[in-house]
2 protein chains.
Amino acid sequence: MRPNQPSLTPAGEVKRAQPPTLRDVAEAAGVHAATASRALNPSTRRLVSAETARRVIKAAKTLGYQPNPIARSLKTAKSSTVGLVIPDLTNPLFPPIVRGIEDVLEAEGFSAWIVNTDNDPERERARIDSLRSRQVEGLIIATARVDHPFLEALHEQGVKMVLVNRRVENLEVPYVTADDATGIALAVRHLADLGHRRIAHLAGPQGTSTGVVRSRAFRHAIRDHGLEDDPSLIVECARWNEADGATAMRELLDRDDRFTAVVAGNDLIALGCYDVFAERGISCPDEMSVVGFNDMPFIDKLRPPLTTVGVPHNDIGAEAARMLLDCIEEPERRPRSLLLPVTMVVRDSTTHPRPLPSP
Amino acid sequence: MRPNQPSLTPAGEVKRAQPPTLRDVAEAAGVHAATASRALNPSTRRLVSAETARRVIKAAKTLGYQPNPIARSLKTAKSSTVGLVIPDLTNPLFPPIVRGIEDVLEAEGFSAWIVNTDNDPERERARIDSLRSRQVEGLIIATARVDHPFLEALHEQGVKMVLVNRRVENLEVPYVTADDATGIALAVRHLADLGHRRIAHLAGPQGTSTGVVRSRAFRHAIRDHGLEDDPSLIVECARWNEADGATAMRELLDRDDRFTAVVAGNDLIALGCYDVFAERGISCPDEMSVVGFNDMPFIDKLRPPLTTVGVPHNDIGAEAARMLLDCIEEPERRPRSLLLPVTMVVRDSTTHPRPLPSP
DNA sequence: GCGCGGACTGCAAACGAGTGCGGGCTATCA
DNA sequence: TGATAGCCCGCACTCGTTTGCAGTCCGCGC
């Protein structure tokens, strides 16, 4: 009945519910456990004769032997496991990245421990400590802030890691992000082409590299296109979410509502704008154009479908994972970072400013 | 500089980058490792004198000792870890459930391993085997099918588990789901109240308990309200996603488009309907009302905002986790299942059928 | 004064796998 | 025939922790 290798022992030992151990296969193959270990491990297989190797492997197969990763980790201080540190799995931005990561990890026999920090540094510390005590071989971190002493300390201690979506200043650690600067440039160009002259920016938290890069790129792009460069058109959101996007948008509207378009730091902030539009009866895109950033899943189903800049979520994850594996395999290699290309995704949340430019 | 306990050894041993071990704290406290172990573990602490316990605990604290979970797992065959088996993290339904699970697990000192199966039984098997070899103490499973021999086998082997969102026939395993039947009844009543007489149903896969419960409830509700009970108004979606929802909707429209409303098996299927509406220029809700199921995150931001039945995602996760912990703590307890209450969430995707009933 | 029990604590053996070291065997050559 | 090298394989220890068992010491009662 039972699928595994239950109780085929000649005697009536039905107790054998435990999975087979290395000793079991050694015994079955008539060799010592040490020999079995060497035979099963490809890198040490050359130390045993081809014949015994064959016998051991066969025994392992018929017994359904699976090495115990716990015991192996204890001995080797490795675990074929990496930690994934993200702020909140509930943010739709992350699941696709996680999938990208898992896909390449899995292909290499690794797997990922996911932890949420909720943007709480204390929590982050605790979760990372826990990951380390579980012998993860590296960390993929999506919660980096511009100034992040804890990560610096980890790096000093030789913890392998790669940053996704973020970087930290003065820290020589590989990162993979979308090409935020050209993304913002594309967004501004799109709005400028539509005829907008006064464009606002709901900047992401300036404690994150993404926030500063995007807002800096915004100011550059504004100047490049000769648009109105008014500092009061930029307000910073406390966090990358709808609520803080909404409060920033309210502040902006209360301060000066003569702008006709806004580029949001990311899609969630744009969603916050939508909420404020609903509150105040502002029609989008007729009265106000908005463009987001990230092209989150389902953001195309919104009302109206959000114009945004698309980033390759899966690739970001996949590249980060590949990079981490590289770091693990050859610790000497210099950190190498990656900026992934973005695309402008035009939907219905942007249009010409009102009054329409005469054709 | 470094935050931990680096190299405070009196001699110049800077090598001490390794975290302190139980032996280290035992030595520091002037006792044997066994005593230190007992002193540190609350459940065995009464075996040592209060004085030594105090000394050991203090030494552990100053050294910054953290027990090595790997070694502990190896010895005790426990891991304070449970496996989370879900089809796809990218489905927005799951992250909130996962968060609910993690919140209660964390409070009990447990943590969760998340794995995706992509609805591939082979993959599911492999991932679960991997979880088991990592000594998880139980499984929370969101991928159950009505007939699921693998899960039955696991249960036979004494693997503790609880099912979320699903159940499997003839398997005495606790499950926690939303109250699907009354949810569907609510949806049908809502549409009937609006005046709809011919209501279609895009049923979820009948290989899942959720699919069969909801479609059975649909037929009951239709009869209870004396509506048109036409079997050709029900079509089954191959999977719980947009694409299969869309193809089912197309099939329905091609077959008979005289219905005025549709209750979708879940929100993603409803999203598929939206896609088809866009394709064929059908206006929702004016020409066609649709109600979803689950009240996924962001589904309220859709065009139009989806009327749906709300389920307590977080609670589902939390209750499932609590239930699993109960099973782990007292293996003798009878399986106890839970049906969580749902609510009708009326938004803009439903309205009176056209022609409007005269007021 | 002896024995006994209780309270602590140390010893040592695990858990399952990996690995340095040495020993046995065979083959080769002087 | 004896020495040497090389190939295999087993012994025994290790990773860090838990735990059954046994030993020590003390106090108390008969």
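Rules behind the numbers
Residues numbered from 1 in each chain as written. Chains lettered and ligands numbered in written order. Predicted model: local features only at pLDDT ≥ 70, side-chain atom pairs only at ≥ 80, totals over all residues. Heavy atoms only, no water. Phe/Tyr/Trp six-rings, centres within 6.5 Å; stacked < 30°, edge-to-face > 60°. Lys NZ or Arg CZ within 6 Å of the ring centre and 35° of its normal. 1 Å grid on protein atoms, 1.4 Å probe; cavity = no way out; pocket = protein on both sides within 12 Å on 5 of 7 lines; lining within 4 Å. Points joined across faces, edges and corners; volume = space filled by probe spheres on them. Helix = DSSP H or I, 4+ residues; strand = E, 2+ residues; numbered from the N terminus. Nonpolar A, V, L, I, M, F, W, Y, C, P; charged D, E, K, R; others polar. Least-squares fit on C-alpha atoms with pLDDT ≥ 70 in both. Contact = heavy atoms within 4.5 Å. Salt bridge = Lys/Arg side-chain N within 4 Å of Asp/Glu carboxyl O. UniProt positions renumbered as here; feature names shortened; annotations may be inferred. Near = heavy atom within 4 Å. Polar contact = N/O pair within 3.5 Å; in protein donor to acceptor, adjacent residues only side chain to side chain. Expected span 1.5 Å × (residues − 1). Buried < 20%, exposed > 50% of the residue type's maximum accessible area, 1.4 Å probe, protein only. Domains from an automatic or database assignment. Buried area = accessible area lost by both parts, 1.4 Å probe.

A. Spatial organisation of the packing of aromatic side chains. If you walk through the whole model with that rule in mind, you get three aromatic pairs over all chains. Over the aromatic face of F293 of chain B sits the side chain of R214 of chain B, whose NZ or CZ is 3.7 Å from the ring centroid.

B. View of empty space enclosed by the protein. Under the criterion given, the structure shown has eleven cavities of 30 Å³ or more. Along its surface, the largest cavity is lined by 14 residues, and I70, W113 and R134 of chain A together with I70 and R134 of chain B are the ones closest to its centre. Those elements that place two or more of their residues in the lining of the largest cavity are helix 4 (69–76) of chain A together with helix 4 (69–76) of chain B. Of the residues that constitute the lining of the largest cavity, the class distribution is six nonpolar, six polar and two charged.

C. Representation of the relation of the copies chain B and chain A in the model. Expressed as a screw transformation, the operator carrying chain B onto chain A has a rotation angle of 180° and an axial translation of 0.0 Å, and the superposed copies differ by an RMSD of 0.1 Å. Between the two chains, the operation in question is that of a two-fold axis. Take the interface residues of chain B: 98% of them recur as interface residues in chain A, which is what a same-surface contact looks like.

D. Molecular detail of the pattern of salt bridges. Summed over all chains, the structure comprises 52 salt bridges over all chains. With a shortest N-O distance of 3.5 Å, R354 of chain A and E287 of chain A are connected by a salt bridge. Here R354 of chain A is found in the segment after strand 12 (343–345), whereas its partner E287 of chain A is found in the loop between helix 11 (267–280) and strand 9 (289–291), with 67 residues between them in sequence. Within this structure, D88, D118 and R123 of chain A together with R99, E102 and E106 of chain B form a network of salt bridges that share partners.

E. Quick look at the UniProt feature "domain: HTH lacI-type" (unreviewed entry) in chain A. Using the residue numbers shown here, the UniProt feature "domain: HTH lacI-type" (unreviewed entry) corresponds to residues 20–76 of chain A. With 67% helix and 0% strand, residues 20–76 of chain A has its two end C-alpha atoms placed 21 Å apart.

F. How the structure looks around the protein's contact with DNA strand C. Around DNA strand C sit 23 residues in total, of which T21, L22 and Y65 of chain A together with T35 and K75 of chain B are the nearest. Of what DNA strand C places within 4 Å of the protein, 64% of the atoms are sugar or phosphate. Contact distances for DNA strand C include 3.4 Å between a base nitrogen and a backbone N or O atom of A71 of chain A. One of the side-chain nitrogen or oxygen atoms of K75 of chain B is found 2.8 Å away from a base nitrogen of DNA strand C. Mapped by element, the contributors of at least two residues to the surface near DNA strand C are helix 2 (33–40) and helix 4 of chain A together with helix 2 (33–40) and helix 4 of chain B. Sort the elements by how many residues they give to the surface near DNA strand C and helix 4 of chain A lands first, with four residues.

G. Representation of helix 10 (residues 242–255) of chain B. Residues and elements named next belong to chain B. With 14 residues, helix 10 extends 20 Å between its outermost C-alpha atoms, agreeing within 8% with the 20 Å of an ideal straight helix rising 1.5 Å per residue. If you check which residues of helix 10 are buried, you get D244, G245, A246, A248, M249, L252 and L253. Those residues of helix 10 hidden inside the fold are in contact with strand 6 (199–203), strand 7 (234–236), strand 8 (261–264) and helix 11 (267–280).

H. Structural context of the domain arrangement of chain A. All names here are of chain A. Segmenting chain A into domains produces domain 1 (1–67), domain 2 (78–178 + 313–341) and domain 3 (180–311). The C-alpha centroid of domain 3 is placed 28 Å from the C-alpha centroid of domain 2. Of the roughly 1100 Å² buried at the junction of domain 2 and domain 3 (both faces included), carbon and sulfur atoms supply 58%. Its largest share of buried area at the contact with domain 3, domain 2 owes to R166, A178 and H313, together 40% of the area lost on that side. Taken together, the links from domain 2 to domain 3 amount to zero salt bridges. Counting across the domain 2 and domain 3 interface gives seven residue pairs in polar contact (both at pLDDT 80 or more). Counting only elements with at least two residues in the side of domain 2 that touches domain 3, the list comes to strand 5 (175–178) and helix 12 (313–329). For the side of domain 2 that touches domain 3, a count of residues per class yields seven nonpolar, four polar and three charged.

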